[in-house]
Every structure is written in C-alpha cells, then in structure tokens.
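Report on the structure
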Amino acid sequence: MVEEYVTSINGFVWGKVMLALLLGTGLYMMTRLKALPLRKVGYGFSQLFKGRKSAQEGDISPFNALMTALAATIGTGNIVGVATAIGIGGPGALFWMWCSALLGMATKFSEATLAVHFREVDHLGKRVGGPMYYIKNGLGKKWAWLGMLFAFFGALAAFGIGNTVQVNSIASAVQESAGVSPYVTGGVLFVLVALVLIGGIKRIGDVAGMLVPFMAVTYIAAGLFVIAVHWSEIPAAFALVIESAFNPSAALGGAAGVTLMMTIQFGVARGVFSNEAGLGSAPIAHAAAQTNSPVRQGVIAMLGTFIDTIVVCSITGLAIVASGVWSGEAKGAAMSIAAFNSAFDYGQWVITVGLVLFAFTTVLGWSYYGERCAQFLLGEKFIIPYRVLFILAVPVGAVMHLDFVWLLADTLNGLMAIPNLIAVLALSGVVIKLARDYFNDPENN
C-alpha cells in the first residue's frame, strides 16, 4: 500500500508537469538573462581556475565549492542513467539531455547566485546557504515553511540517493567484477567516509578538489578513446540522435512502445537526475565558497551542469550509440560496459572504477547537503548526530535490498525541486539585477 502510494507520487514528481516546470524555469531564466550562461562559459572557466585559492569570506575556495557540488552531481547517473535513458527512450533521449542541461545552466547560475547573496553565518562561524535560506531571507518569514519543506526533503533524500543507493551500487559493482563480499565493501567504505566526514566541509572540499578532477579526466579520456575507435560511426551517431529525438519510431525502425513523449521524458528526467539543475542541492555547497560576489560564484556553479551533462554524459552516450550496443540486449551499466569493451579489453574495469569513484564522491557531497538541511531544521546541535547517522547508514546500504529505498529517495529528490523552483522564479528579479550590476562593471568583463 505504501509502495503504491509512493509510486504514484513519483509518477507525478518525474512526470510531464514537473519536467515542464524544470525546463520552463530554465528557459525563463535563460531568456531573462539574455543567454548569459551560454555567453559566459569561457569567463566561467577563467574564474574557476582563478578561484583555486581565495582569501575572501567563506569556508572553502570557489574551486573546491564547485568540486564538492560536482562530487555530488557526477555519479551513477553519468554511467547508468545515460544508458537507461537511451535503452528506454532511444538515442534521441541524449538530445533532450543536452537541452535540459543547456537550460539547466541558467537555473544553476540563478540558484548559486541566490545562495551566496542570501547566505548566513551560523553560530559556529560557518557560511550556510541554499534554497532554504534564500526562501527565508529572500521571500520573507511568511514563506519560511517552504524553506523547511525543502530542508525536510533534502535531509531525508540524502540518506537514500546520496548514501545507501550509491553505496549499494559500489558494493554490487565490486562484487560482480572482483568477487568481493558486500560486507567487506561496506566496512571499507564506512571507514573511508568516516575519515572524510569527521573533518567537515573543509575536508570534504579538499578531498573533492583532488578526487573529482582525477576521476573526471580519467573517465573522459577513456570515453574519448572509445569514440576515437568508432570515429567513422560518429557522424551517423549524431544523425541518429537528432532524428530519433523528434521521430523515435522511424529512427528506431518502429521499435515497439517508443513514443516521442517517452524519448523527451526519459532524456530530460535522466538529465536532471544527473546534473541536478533545479533540485536546489548544489547551491548548498556554493554558499560555502570564499567569495564576495554572488554572480562570480553563480558563473562558476553553472559549469557543473556543463561538465556533468554536456561533457561527461555526452561521452557515455556517444560511446553507446556509436558502438551500436544500444540496440542489443545489455541494459543499464551493462550497456556502458559493452560500449567500452568494444574498444579495449579492460572496458569493464573502467566502468567499475568509474562507478566506484563517482558513487563514493556522491556520498561525500550529499552528506554535506543533508547535514545543512538538518541544521536548518533543528539547529547546530544536530550536525554531529546527523553526521554519525549518515556514516552508520553506509554499511547498511552495502548489504540491503534497495528497490523501495531507491523509489522513496528518487521521489524525495524530485520533491526538493518544487520549493526551490518556486523561489528561483519569485526571486528572478534579484538574480537579473545582481547579474546586470556585476557585468556592467568593466573589471568583470
């Protein structure tokens, strides 16, 4: 009964109305910003590398703030999610992932800008922010309940989508590839996660700052090698992606059950699941950045969506389509493995190691998100208890069956977006003014 109820809510959360709201918010902000996120990609990268160190107010460097956000963002969705979208919606789903990412850059820019602008300093001297704070400080006390709703969903979702589900993916991948017991994997991860989380956001940022660039560059390099091996098929792959994005049944030879709406829905949903634009999670990390400029951090933040989907997801998707494995029997991670195995003998290990690293860093990033949500609801006194509970959940996730947990976590993850998008739209005027003032200054161009 409970599972049926949650399933029906999930159908709405990731259904047509919600996906239209996510895309619509991105399109609205992109239009009002006059395509600023697309025009300022180069500027964003220049600010990112300048932001490796900062002496301004905040807890972690602007660079490490993005790496922490990417740690939570680049995860199983980049490997399994892309394959699932293509497996169900056809190659055209990749096109709609691109669309959701390009529009999502405007949403992510807006979220991070608001997060820094409306952030607070807590009683421990830490910078805290995110949707719950820009709802409270931007929309006023009468909307405080909406911020509490976001924090409630976020604190719970972190245990699922950001912890047990990720740990279970690691345990399953390691058991399948190396025959290691999930109990052993759970124990090792318990120790590793505890060692990082005990140090708080600074240690999470330091670890993410080292691990995320390494894992992203390694996976991208391996994926580009797969694409290079199938280089002659790339033009046809792009043509198939575009054609099936608008006419999936014709492009797929009349594949049973594949409709245009399915292609759009799975492409957008998996894209949002991967890059988290609109969910309100990443701004929590960006609010801790050492910066005095909300807009500068917003420009850096939007690169997360660009890197996650336009770069990493595209490499996975093109490898799958160009190698032809998308039309075979393999599903999910097995489809990505088949694509990489088509180019070299150790493709399975690239995917396995990628899944392990991506999922591990997701646990680190989401621990911070959940902790800040719990702090907003219950105060600083609950930070350590929440952190302990989060660490204790790690070995549990390695050995338990997670079908219902995945469903519940996915639902809570989507519900986070509703109060966040309401706030972004309501505070859009603040974003526009901050961006206009910043870029009207000759020093910032």
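Rules behind the numbers
Residues numbered from 1 in each chain as written. Predicted model: local features only at pLDDT ≥ 70, side-chain atom pairs only at ≥ 80, totals over all residues. Heavy atoms only, no water. Helix = DSSP H or I, 4+ residues; strand = E, 2+ residues; numbered from the N terminus. Rg over C-alpha atoms; globule rule 2.2 N^0.38 Å. Contact = heavy atoms within 4.5 Å. Areas by Shrake-Rupley, 256 points an atom, 1.4 Å probe, with all protein chains shown as cover. Salt bridge = Lys/Arg side-chain N within 4 Å of Asp/Glu carboxyl O. Buried < 20%, exposed > 50% of the residue type's maximum accessible area, 1.4 Å probe, protein only. Core = buried A, V, L, I, M, F, W, Y, C linked by side-chain atoms within 4.5 Å. Expected span 1.5 Å × (residues − 1). Patch = residues over 30% accessible without salt bridge, like charges linked within 9 Å, V, L, I, M, F, W, Y side chains within 5 Å.

Re the overall build of the protein
- The secondary structure content of the protein amounts to 22 helices and 2 strands.
- Against the 2.2 N^0.38 benchmark of 22 Å for 445 residues, the protein shows a C-alpha radius of gyration of 21 Å, consistent with a compact globule.
- Considering only residue pairs separated by 6 or more positions, the protein has 84% of its internal contacts joining residues 24 or more positions apart.
- Accessible surface, the protein: about 17,000 Å² in total, of which carbon and sulfur atoms supply 67%.

Side note on the pattern of salt bridges
- Throughout the structure, instances matching the rule amount to 4 salt bridges.
- Among the salt bridges present, the one from Lys136 reaches Glu120, with a minimum N-O distance of 2.8 Å. Pair noted here: Lys136 is in helix H8 (residues 131–139) and Glu120 is in strand E1 (residues 120–121), with a separation of 16 residues, a long-range link.
- Classification of Lys136 by relative accessible area gives partly exposed; the value is 28%.
- Taking the relative accessible area as the measure of exposure, Glu120 reaches 25% and is therefore partly exposed.
- Between Asp437 and Lys433 there is a salt bridge, with its nearest N and O atoms 2.8 Å apart. Highlighted residues: Asp437 and Lys433, both in helix H22 (residues 428–439), separated by 4 residues, approximately one helical turn.
- Linked by salt bridges that have partners in common, Glu371, Arg372 and Arg387 make up one network.

Some details on the environment of Leu279
- Checked against the element boundaries, Leu279 lands in the loop between helix H14 (260–275) and helix H15 (282–286).
- Judged by its relative accessible area of 0%, Leu279 falls in the buried class.
- Considered as a pair, Leu279 and Ile300 are 21 residues apart in the sequence and their alpha carbons are 17 Å apart.
- Discounting chain neighbours no more than four positions away, the residues touching Leu279 are Trp14, Glu111, Phe150, Val272, Asn413, Met416, Ala417 and Asn420.

Describing the nonpolar core
- Within the largest apolar cluster, 144 residues are counted, with the highest numbers of intra-cluster contacts made by Phe109, Phe340 and Tyr369.
- Here Tyr369 is in contact with Thr68, Ala69, Ala72, Glu276, Ser281, Ala282, Ile284 and Ala285, once residues within four sequence places are set aside.

Description of H22
- Relative to the 16 Å expected for 12 residues at 1.5 Å per residue, H22 spans 17 Å between its end C-alpha atoms, a close match to the ideal helical length.
- In the core, the buried residues of H22 are packed alongside helix H2 (16–32), helix H3 (36–39), helix H4 (41–50), helix H7 (92–117), helix H16 (294–323) and helix H21 (417–426).

Considering the environment of Met148
- Relative to the helices and strands, Met148 resides in helix H9 (residues 144–178).
- Met148 gets classed as partly exposed once you look at its relative accessible area, which sits at 43%.
- In sequence terms Met148 and Pro419 are 271 residues apart; their C-alpha atoms lie 9.4 Å from each other.
- When near neighbours in sequence (up to four residues on either side) are disregarded, Met148 contacts Phe376 and Leu377.

With respect to a nonpolar patch on the surface
- The grouping of Val184, Val188, Phe190, Val191, Leu192, Leu195, Ile384, Val388, Leu389 and Leu392 at the surface amounts to a nonpolar patch, some 850 Å² of accessible area in total.
- Secondary structure elements with two or more residues in the nonpolar patch: helix H10 (182–197) and helix H19 (383–399).
- Top element by residues in the nonpolar patch is H10. It accounts for 6 residues.

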